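Fold and contact review
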Amino acid sequence: MHYVIIGNGVAGMNAANTVRNRDEDCRITIVSYESEHFFSRTALMYVACGQLSERCVEPYERDHYQRMNFTRVRDRAVRLDSARKTLELENGNPLTYDRLLIASGSVPMMLDWPGIEFDGVGNFVTWQNMDWLREKAGTARRAVVVGGGLIGIETVEILLMAGIKVTFLIREDFYWPIALDERESAVVMDHMKHHGVELRLKTEFKEVVGENGKVVGIVTGQGDRLDCDTVVFTIGVRPQTDWLKDSNIELDERGGIVVDNHLQTSVPDVWAAGDCTSVVWFNGVRRPEQLWYTSRDQGKIAGNNMLGHSEIYRRGIFYNSAKFFDIEYTTAGLVNFGLEGEQNWYMREANTNNTLRIVYLPDGSVVGFNMLGRRWDHRVLVKWIHDRKKLDWVLRHINRALFDEEFMPRFKLVPGASSREVS
Amino acid sequence: MQAGLLKTFTNPVQSRRATAWLLSAALFVVYFMFYFNIPPGMEGLAAALGLDSRWTLYGILYTIAIIVGGGFFLKRHGNSRYHRVRTISLMFFQIVFAFSIPMVMELFGSKGFTFSIFWPLKIDYFYPSNIFEYPVLLIVYAFVTALIGVPIMTILFGKRWYCSWMCGCGGLAETAGEPFRHLTSKSSGAWRFEQAAIHSVLVLAIVTTALVLINWGLHHTNGQGEWVASYAGFDAVASKVQGVYQFIVVAMLSGVLGVGLYPLMGNRVWCRYFCPLAAILGLFQKFGRFRITVKDDMCISCGNCSTYCEMGIDVRAYAQTNVSFKRAACVGCGICAHVCPRGVLKLENKWDFRQGPDQKVIKIFDM
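Residues numbered from 1 in each chain as written. Chains lettered and ligands numbered in written order. Predicted model: local features only at pLDDT ≥ 70, side-chain atom pairs only at ≥ 80, totals over all residues. Heavy atoms only, no water.

1. Some points on the overall build of chain B
Applicable threshold: Only DSSP runs of H or I covering at least 4 residues are called helices, and only runs of E covering at least 2 are called strands; the numbering of each starts at the N terminus. Within these notes, the globule rule equals 2.2 Å times the number of residues to the 0.38 power, and the radius of gyration is based on C-alpha atoms. Here the term buried applies to any residue with accessible area under 20% of the maximum for its type, exposed to any over 50%, and partly exposed to those in between, with areas from a 1.4 Å probe on protein chains only.
Across its full length, chain B carries 16 helices and four strands. For 367 residues, the compact-globule estimate of 2.2 N^0.38 gives 21 Å, and the C-alpha radius of gyration of chain B, at 22 Å, lies within 12% of that figure. Across its three principal directions, the C-alpha atoms of chain B cover 75 × 50 × 35 Å. Burial status across chain B gives 54% buried among its 367 residues.

2. Section: the packing of helix H6 (residues 136–157) of chain B against helix H13 (residues 276–285) of chain B
Residues and elements named next belong to chain B. Our working definition: Helix axes are fitted to C-alpha atoms over the stretch in contact, other axes to C-alpha atoms as well, and angles between N-to-C directions run from 0 to 180 degrees. Working rule for angles: under 35 degrees goes down as roughly parallel, over 145 as roughly antiparallel, 65 to 115 as roughly perpendicular, anything else as oblique. A crossing counts as left-handed when the near helix is turned anticlockwise from the far one by less than a right angle, and as right-handed when that turn is clockwise. By the convention used here, residues are in contact when the closest approach between their heavy atoms is within 4.5 Å. By the convention adopted, Pro, Cys, Tyr, Trp, Phe, Met, Ile, Leu, Val and Ala count as nonpolar, Lys, Arg, Asp and Glu as charged, and the other residues, Gly among them, as polar.
Where H6 contacts H13, the axes come no closer than 8 Å and their chain directions differ by 50°. Taken together, the axes of H6 and H13 lie oblique to each other. The way H6 lies across H13 gives a crossing that is right-handed. Between H6, through Val150, Pro151, Thr154 and Ile155, and H13, the contact on the second element is made entirely by Leu277, Ile280, Leu281, Phe284 and Gln285. Class assignment for the residues of the contact of H6 with H13 results in seven nonpolar, two polar and no charged.

3. Here's the deal with the sheet that holds strand E12 (residues 198–200) of chain A
Residues and elements named next belong to chain A. What counts is decided by this rule: Following DSSP output, two strands are said to pair if at least two bridges run between them.
The strand order across the open sheet built from five strands is E9-E16-E10-E11-E12, with neighbouring strands paired in parallel fashion. Only two strands of the sheet have a single neighbouring strand rather than two, namely strand E9 (121–122) and E12. As paired elements, strand E11 (residues 165–169) and E12 share three bridges and run parallel to each other. Among the inter-strand pairings, Leu169 is bridged to a residue of E12, identified as Arg200. With respect to the sheet, helix H4 (residues 127–139) is in contact with E9 and strand E16 (230–233), its orientation differing from that of E16 by roughly 150°.

4. Examining the packing of aromatic side chains
Here is the rule: When the centres of two rings from Phe, Tyr and Trp lie within 6.5 Å, Trp using its six-membered ring, the rings pair. Their planes under 30 degrees apart give stacked, over 60 give edge-to-face, and anything left gives tilted. We count a charge as sitting over a ring when the NZ of a lysine or the CZ of an arginine lies within 6 Å of the ring centre and within 35 degrees of the ring normal.
As enumerated under the stated definition, the model contains 48 aromatic pairs over all chains in all. Here the aromatic rings of A:Trp113 and A:Phe233 are separated by 5.1 Å at their centres, their planes lie at 25°, and the arrangement is stacked. Taken together, the positions of A:Trp113 in the loop between strand E8 (106–108) and E9 and A:Phe233 in strand E16 put the pair 120 residues apart, joining distant regions of the chain. According to the relative accessible area criterion, A:Phe233 is buried, its value standing at 2%. Put simply, the rings of B:Tyr31, B:Phe32, B:Phe34, B:Tyr35, B:Phe36, B:Trp55, B:Tyr58, B:Tyr62 and B:Phe247 touch in pairs and so form one group of aromatic residues. We note A:Arg72 situated over the ring of A:Tyr65; from NZ or CZ to the ring centre the distance is 4.0 Å. Above the face of the B:Trp191 ring, B:Arg327 is positioned so that its terminal group lies 3.6 Å from the ring centre.

5. A few points about the environment of B:Ser230
All names here are of chain B. Put simply, the rule reads: Each polar contact in these results corresponds to two N or O atoms within 3.5 Å; when the atoms are within protein, one needs to be able to donate a hydrogen and the other to accept it, and residues that are neighboring in sequence are counted only if both atoms are side-chain atoms.
Note that Ser230 resides in the loop between strand E2 (227–229) and helix H10 (232–260). According to the relative accessible area criterion, Ser230 is partly exposed, its value standing at 35%. Along the primary structure Ser230 and His219 are separated by eleven residues, whereas in three dimensions their C-alpha atoms are 5.1 Å apart. Filtering out sequence-adjacent residues up to four positions away, Ser230 remains in contact with Leu218, His219 and His220. One polar contact links the side chain of Ser230 to the main-chain carbonyl oxygen of Leu218, over a distance of 2.6 Å. Within the local environment of Ser230, its side chain forms a polar contact with the side chain of His220, the two groups lying 3.0 Å apart.

6. Structural notes on the domain arrangement of chain A
All names here are of chain A. For clarity, the cut-off: Domain limits in this description derive from either an automatic procedure or a database domain assignment. In short, buried area is how much 1.4 Å probe accessible area vanishes from two parts on joining, totalled over both. The salt bridge definition used is simple: a Lys or Arg side-chain nitrogen within 4 Å of an Asp or Glu carboxyl oxygen.
With domains assigned, chain A is organised as domain 1 (2–107 + 238–306), domain 2 (121–235) and domain 3 (322–422). Centre-to-centre, using C-alpha coordinates, domain 2 lies 30 Å away from domain 3. On the domain 3 side, the residues contacting the 21 residues of domain 2 number 16 residues. When residues of domain 2 are sorted by the area they lose upon contact with domain 3, Glu184, Val187 and His191 head the list and together hold 36% of the total. Counting the contacts that link domain 2 with domain 3 gives two salt bridges. Scanning the region where domain 2 abuts domain 3 turns up nine residue pairs in polar contact (both at pLDDT 80 or more). Elements supplying a minimum of two residues to the side of domain 2 that touches domain 3: helix H5 (150–161) and helix H6 (182–194).

7. Overview of the side chain of A:Glu328
All names here are of chain A. One can find Glu328 in strand E23 (residues 327–333). Its relative accessible area of 11% is what places Glu328 among the buried residues. A polar side-chain atom of Glu328 sits 2.9 Å from a polar atom in the side chain of Arg375.

This is how it looks when you write it as structure tokens:
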């Protein structure tokens, strides 16, 4: 049996490990053009700013491929012929497979704006992007980052820490409205300004201005000209599935690979996992998940199902975490979904960047948490949501969910704050 | 991002480039001048400064290094209360217990005694020729702390109460050695060497102490009232072993190599591979309360924890497999939890009977 896995990211590597752990004799081939070794994409920012070395972000020792008897093919898959079970590669000979996993991940989203071909325009998603950004961090003097999400703020941080003046162009009214509310966003934005970021809110991007092939500035939607030598677009990612357009694999309107709940695609003997995969969310919407731990879980489950097992991929209650400069962020459940009748309980600890927001329904049952500053145990928060705990109970027991370093003071509710604040 | 750790891997002296080798060489020279008084020697310098011996000068320099390095550490990681308390504790024990109290005792004409150091790190606290020069209370203190205090404290709080809160070697490593913590090898080969080396030194320390004690018992007072060996052959062997231990372990491994290799192999070379007290503490730690709790399914495998672990523990291997763990080597410095960008790790003193003490067997490849 020959298993071919496209992509050695977290989904592909976990699928390969799963297959090998249960079948010692099969052939496993991993195709990747991006990197020689599996690395943690979420850690690229630390390599870019010198906090980690390139080796540090590799979760396994370098002999992993050899120990696990994986064949490595450094090439790009360009076409899939599922009828003949053949994968065409950009440079090498075609590969035939018995079972195929597509874990080709995401690529940065780019729109066809004028001027994006100039030298000095880039993204921050792939290892190659990181190399480019690291080089820019050494030479650039003034940069503009377009797009206010998580990758955007990481990019701002890298450039800023390298001593570059950075302007952060955000289309919305405040930073990251998809996950934060206005109050929380203000905490993060004040923190950014404190570090010297120039924020431009409600500002669209229009075009890149270049001279002699090099970026010299950009023009905003309002017609303002900003001088800069580097522009980084961080407006999101999209599934890397362009190469599947003329195959039989069904794609959704965003380009995500449509799979059933066993992560099998519309074609026999082909599975998909990770960022490129479009799965059904808890609310019935179909779209990619693009999180580290979901990619890992999908990789494991796809690996099991490729071996002939029948494991269903089921998403539990959503949770995630992030870090905005020095401010840690934890979220769980349904936040910013605008549920019918939802109310928000919010509090900020005095003189800190610590905030706590609890989303609850009219009957008092808690459905979501959003926290800045402190560390929280998402396992406890998820359980409370699952158990439909009431707001008053949660507020009384809130310290059970704290996960701060030792000796940190306990969370103190402001007297009187336990009355419900509506926002 | 961890402001203090930026550019760690681009700073030449922190990334094993020429300046790091030069610094290491300089440390070797200084240590040789102190330990073996090789020319130009430190005895003359100490005398010129009006000090009674080169060891007083060494103590002053060592304490200054901990104070300056401690300030540096607080600037980097002082935003965490755990690290503030821990670092101030280390500086306090160095300034008061390791430096001032012995000096004051000597001013009053008695032999200096360091209350913050125990057998077998201070192996001569069990050598009769040395310890019997102290008052009875101090003799009792030396034995009770080493044989009863150390196990109890470690079972309750883990190794950290000593290694990263009190110890002088740990004190230097955590402060002046802080910029080099990421240089400790994380390879499984280094782990195997660590287990072999540190337990060998422990056995050597126990054997040496036993030989010295037995040899002392095999002495008698002769007709002229002199304290002499009953068996000259055994006396010769015991003295030889004692001398070898003194040279290899005390002088070379804890001093010259332990500090001299900071810029090349990290700040815990002595503590990780050779310290016999750390070996004992590690054994008790495995059965004690202290462990590192891992929050399930939140790790992004970034590697900050493993990179900045000064004891070479591949913390990420546990974090990404959702395994809370106890490792004998862990000194509980808490940096792994501190630098984690997703708040996955937490140091805790907590009995947990659901998980056995031995968490070593993990599914490395099943992430």
